[in-house]
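# Report on the structure
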Amino acid sequence: QVQLVESGGGLVQAGGSLRLSCAASGSIFGFKDMGWYRQAPGKQRELVALISSGGSTNYADSVKGRFTISRDNAKNTAYLQMNSLKPEDTALYYCYAEVSFSSAPNYWGQGTQVTVSS
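The notes below deal with the structure included here. In this text, all values refer to a predicted model and were calculated from it rather than measured experimentally.

A word on the sheet that holds strand 7 (residues 67-72). One open sheet accounts for four strands, arranged 1-3-8-7; its pairing is antiparallel. Looking at which strands have only one partner, the edges of the open sheet turn out to be strand 1 (3-7) and strand 7. The sheet shows a mean angle of 15 degrees between the axes of neighbouring strands, direction not considered. Two strands pair when backbone bridges link them, and strand 7 and strand 8 (residues 77-82) are joined in this way by six bridges, in the antiparallel orientation. Considered in strand 8, the bridge of Ile69 is made with Leu80.

Below you can see the structure in the form of structure tokens.
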């Protein structure tokens, strides 16, 4: 059973930094893309960043230059380094992972709250 567990969220002042971690487990095939999505109250869930198993990345325009996604394949863990945080970054951040098997579903963590005060 695949499980994604996020950690690292919290309260930070604008301009500060946080580092989120997502520990994935339960896939004997490993993971393809991993990433982070976020959802603020009253808004739709949106892509923040994705990283492939080979290390290719893409970011939402709103976080480009401030956030950095990375992963440790040996540990099946993805990270999101968030710098220069803004109040509009406040959201519940969800880890996302694709199992390396064509017929497998995608998986989501339960979310970790990031709150940026002004």
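All right, on to the layout of surface pockets then. As a volume, the largest pocket reaches approximately 150 Å³. The wall of the largest pocket is formed by 13 residues, among which Arg38, Lys43, Glu46, Ser62 and Glu88 lie closest to the centre.

The final tally for this structure, using the stated rule, is four salt bridges. Between Glu46 and Arg38 there is a salt bridge whose closest N-O contact spans 2.8 Å. Looking at Glu46, the relative accessible area reads 36%, which means it is partly exposed. Salt bridges sharing common partners tie together Arg38, Glu46, Arg66 and Asp89.

Parameters at a glance
Residues numbered from 1 in each chain as written. Predicted model: local features only at pLDDT ≥ 70, side-chain atom pairs only at ≥ 80, totals over all residues. Heavy atoms only, no water. Pairing = 2+ DSSP bridges. Helix = DSSP H or I, 4+ residues; strand = E, 2+ residues; numbered from the N terminus. Axes fitted to C-alpha atoms, helices over the stretch in contact; angles between N-to-C directions. 1 Å grid on protein atoms, 1.4 Å probe; cavity = no way out; pocket = protein on both sides within 12 Å on 5 of 7 lines; lining within 4 Å. Points joined across faces, edges and corners; volume = space filled by probe spheres on them. Salt bridge = Lys/Arg side-chain N within 4 Å of Asp/Glu carboxyl O. Buried < 20%, exposed > 50% of the residue type's maximum accessible area, 1.4 Å probe, protein only.

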